[in-house]
Amino acid sequence: MPYLGLHDGDEVLPPQVPDGTTVLCPVCDEEMSVVRSHERASSFVSRHFSHRGGGSGTTGSAVSGGGSDCPGESTTHHKMKTIAYSRLKNDYPNAAIQLETGLNGRVPDVRLDFPEPRPPYGKGIVVEAQYKNKGKDKDAVVKHYLDHSYSVAWLEEDDFTTHDVDLSKIITVWPHALPDRYGRDGYPTITQWLWQEHQPSVELEIPIPGKYWASFDKTGEWVTIAEKNLKRRGSARISRSPNGNLTFSLGKATSFGKSDSLSVQVTPDDVETLRSFADDLERIAFGDERPPSEDCDEDWHTLAKGWLNGSSTVTAWITAALPDPSRGEDADVVVTLWKKRDETERLAMKANPLAADHLHELADLLKAAFEIERE
């Protein structure tokens with residue numbers, strides 16, 4: 001469904017025009033109308049545009065009363081901002097909501113202001129919809145908004161479904177922006193008095209039972225050394241196997257609370273392999289060296305590949321590829337771990353732009369793990 005239209009020659013998103021407005025489709029120049037946010041079969045459907053013309057297509061719905069073969073135009077970022085706006089408007093109908101309105105030197109994608117500050121959100125909620133933008137310093141951005149009493153919804157593509165968004169992980173003013181324990185200005189006098197030391201501290205040496213220390217022995221178990229996300233519900237992990245070998249694995253959540261994973265044994269030489277693969281992922285998959293769709297294989301165009309040492313009986317490698325290069329910049333990047341013994345096993349998952357940084361960090365941690373082993 002379209003999320004971008006033309007109104008008086010200007011590009012507009014669905015929240016930027018009132019109900020009943022007619023806009024033009026940037027693709028086919030046909031008229032489109034506004035479809036308000038609504039529930040469909042217990043699912044939320046965000047505000048969007050719909051072609052008014054007849055036709056055999058399914059873009060129009062029973063709600064909008066029309067249909068068209070033209071899909072319209074909707075960049076991923078347009079959709080993310082519009083869906084977030086629509087979800088907030090549905091959840092907080094009495095709040096004021098605006099797109100790309102400045103807030104003390106920064107411009108969030110969506111800004112919600114409550115009539116009066118309310119716990120735990122403070123003055124309001126701002127949305128940062130991150131799509132292929134690694135330039136923002138998340139900690140600095142979040143701190144800026146929290147310092148100005150606004151909660152933050154830091155959203156990535158995996159947080160969105162076709163018409164809805166998961167807002168369950170909002171970073172709220174309370175308790176994240178509480179004043180520092182030693183910054184007491186503004187607190188009631190009784191609170192400041194209670195913070196004072198009224199009695200000297202007491203030190204007491206208590207021997208810890210030997211059984212407690214024994215509980216930390218992980219001999220014969222899988223022990224996770226480090227784990228980093230490659231997407232919202234998928235990660236790469238370094239572990240120690242029950243026989244003491246270091247392993248590298250990919251794992252992802254599946255339906256009904258289950259998960260899949262694949263592990264391969266690694267050696268010190270694999271540290272540089274992972275670093276080189278992470279470099280290629282950053283430059284080619286998510287950077288300026290990404291090939292245009294016309295230069296790619298029609299299906300599953302490989303962008304990067306790294307051979308791991310595996311073991312004497314196992315061959316292992318890791319790849320990054322575009323399963324559908326025709327989508328251009330919107331094409332998903334899929335990272336796959338391969339393992340071949342008698343048969344070939346693999347585990348694939350979509351990766352987001354932060355995957356390259358996280359694989360770099362895992363390579364550094366793997367190097368440190370091997371150095372500890374040599375001591």
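For the structure itself, look to the data block above.
Our subject in this report is the structure included herewith. Every value quoted in this text rests on a predicted model; they were computed, and no experiment measured them.

Calculation criteria
- Residues numbered from 1 in each chain as written.
- Predicted model: local features only at pLDDT ≥ 70, side-chain atom pairs only at ≥ 80, totals over all residues.
- Heavy atoms only, no water.
- Helix = DSSP H or I, 4+ residues; strand = E, 2+ residues; numbered from the N terminus.
- Buried < 20%, exposed > 50% of the residue type's maximum accessible area, 1.4 Å probe, protein only.
- Contact = heavy atoms within 4.5 Å.
- Areas by Shrake-Rupley, 256 points an atom, 1.4 Å probe, with all protein chains shown as cover.
- Pairing = 2+ DSSP bridges.
- Axes fitted to C-alpha atoms, helices over the stretch in contact; angles between N-to-C directions.
- Phe/Tyr/Trp six-rings, centres within 6.5 Å; stacked < 30°, edge-to-face > 60°.
- Lys NZ or Arg CZ within 6 Å of the ring centre and 35° of its normal.
- Core = buried A, V, L, I, M, F, W, Y, C linked by side-chain atoms within 4.5 Å.
- Polar contact = N/O pair within 3.5 Å; in protein donor to acceptor, adjacent residues only side chain to side chain.
- 1 Å grid on protein atoms, 1.4 Å probe; cavity = no way out; pocket = protein on both sides within 12 Å on 5 of 7 lines; lining within 4 Å.
- Points joined across faces, edges and corners; volume = space filled by probe spheres on them.
- Nonpolar A, V, L, I, M, F, W, Y, C, P; charged D, E, K, R; others polar.
- Salt bridge = Lys/Arg side-chain N within 4 Å of Asp/Glu carboxyl O.

As a further point, take the overall build of the protein chain. Helix and strand content of the protein chain: seven helices and 19 strands. By residue count, 42% of the 375 residues in the protein chain fall in the buried class. Here the analysis covers contacts within the protein chain between residues at least 6 apart in sequence; of these, 50% occur between residues at least 24 apart. Total accessible area on the protein chain is roughly 21400 Å²; 47% of this is exposed by carbon and sulfur atoms.

Next up on the list: the sheet that holds strand 19 (residues 344–351). Sheet architecture is open: four strands sit in the order 16-17-18-19, paired in antiparallel fashion. Strands with a single pairing partner mark the edges of an open sheet, and in this sheet they are strand 16 (301–311) and strand 19. On average, each strand axis in the sheet is inclined to that of its neighbour by 15°, with strand direction left out of account. Here strand 16 runs beside strand 17 (residues 314–322); their pairing, made up of eight bridges, is antiparallel. Paired with Lys305 across the bridge in strand 17 is Thr319. Sheet contacts for helix 6 (residues 270–285): strand 16, strand 17 and strand 18 (333–340); angle to strand 16, the most-contacted strand, approximately 170°.

With that settled, consider the packing of aromatic side chains. Two descriptors summarise a pair of aromatic rings, namely the distance from one centre to the other and the angle between the planes of the rings. This structure, assessed with the given rule, holds five aromatic pairs. Judged by centre distance (6.2 Å) and plane angle (40°), the ring pair of Phe114 and Tyr121 falls under tilted. Between Trp317 and Trp338, the ring centres sit 5.6 Å apart and the planes meet at 5°, which makes this aromatic pair stacked. Placement of Trp317 in strand 17 and of Trp338 in strand 18 is noted, with a sequence separation of 21 residues between them. By relative accessible area, Trp317 is classed as buried at 12%. An aromatic cluster is present here, built from Tyr92, Phe114 and Tyr121 joined pairwise through their rings. Taking the ring centre of Phe44 as reference, the NZ or CZ of Arg87 above it sits at 4.1 Å. The ring of Phe114 carries Arg118 above its face, with NZ or CZ at 4.7 Å from the centroid.

Another aspect to go through is the nonpolar core. Core analysis: the biggest nonpolar cluster contains 40 residues, and Phe248, Leu250, Leu281, Val335, Leu337, Leu359 and Leu366 have the highest contact counts within it. Broken down by element, this core gets its largest block of residues, eight residues, from helix 7 (residues 355–374). Aside from chain neighbours lying at most four places away, what touches Leu337 is Phe248, Ser249, Leu250, Leu262, Val264, Leu308, Trp317, Ile318, Glu345, Arg346 and Leu347.

Within the span of helix 2 (residues 138–147), buried status applies to Val141, Val142, His144, Tyr145 and Leu146. Those residues of helix 2 that are buried lie in contact with strand 10 (122–130), strand 11 (150–156) and helix 3 (173–176). Regarding helix 2, its N-cap is Asp137, as a side-chain oxygen of that residue lies 3.3 Å from the backbone nitrogen of Asp139 further along. Downstream of helix 2 by a residue or two, Ser149 has a phi angle that is positive, lying close to 70°.

This part covers the layout of surface pockets. The method is simple in principle: a probe with the dimensions of a water molecule rolls over the atoms, and the space it marks as empty is what remains. Taken as a whole, the largest pocket holds about 980 Å³ of empty space. Forming the walls of the largest pocket are 37 residues, and the residues nearest its centre are Trp154, Leu155, Glu156, Asn352 and Leu354. Where the lining of the largest pocket is concerned, the elements lending two or more residues are strand 11, strand 12 (223–231), strand 19 and helix 7. Considering each element in turn, the lining of the largest pocket owes the most residues, four residues, to strand 11. When the residues that make up the lining of the largest pocket are grouped by side-chain class, the tally is 14 nonpolar, six polar and 17 charged.

Another point: the pattern of salt bridges. Oppositely charged side chains are able to pair whenever their charged atoms sit close together. As enumerated under the stated definition, the model contains 15 salt bridges in all. A salt bridge links Asp19 to Arg36; the nearest nitrogen and oxygen atoms lie 3.7 Å apart. Placement of the pair is Asp19 in the loop between strand 2 (10–12) and strand 3 (22–24) and Arg36 in the loop between strand 4 (31–35) and strand 5 (38–40), with a sequence separation of 17 residues. Judged by its relative accessible area of 55%, Arg36 is exposed. Between Glu289 and Arg283 there is a salt bridge, with its nearest N and O atoms 2.6 Å apart. What emerges from the salt-bridge pattern is a single network uniting Asp19, Arg36 and Arg47.

The four strands are arranged 12-13-14-15 in an open sheet whose pairing can be described as antiparallel. Pairing within the sheet leaves two strands with one partner each, and these edge strands are strand 12 and strand 15 (259–265). Strand after strand, the sheet turns through a mean of 20° between neighbouring axes, direction not considered. Here strand 14 (residues 246–253) runs beside strand 15; their pairing, made up of seven bridges, is antiparallel.

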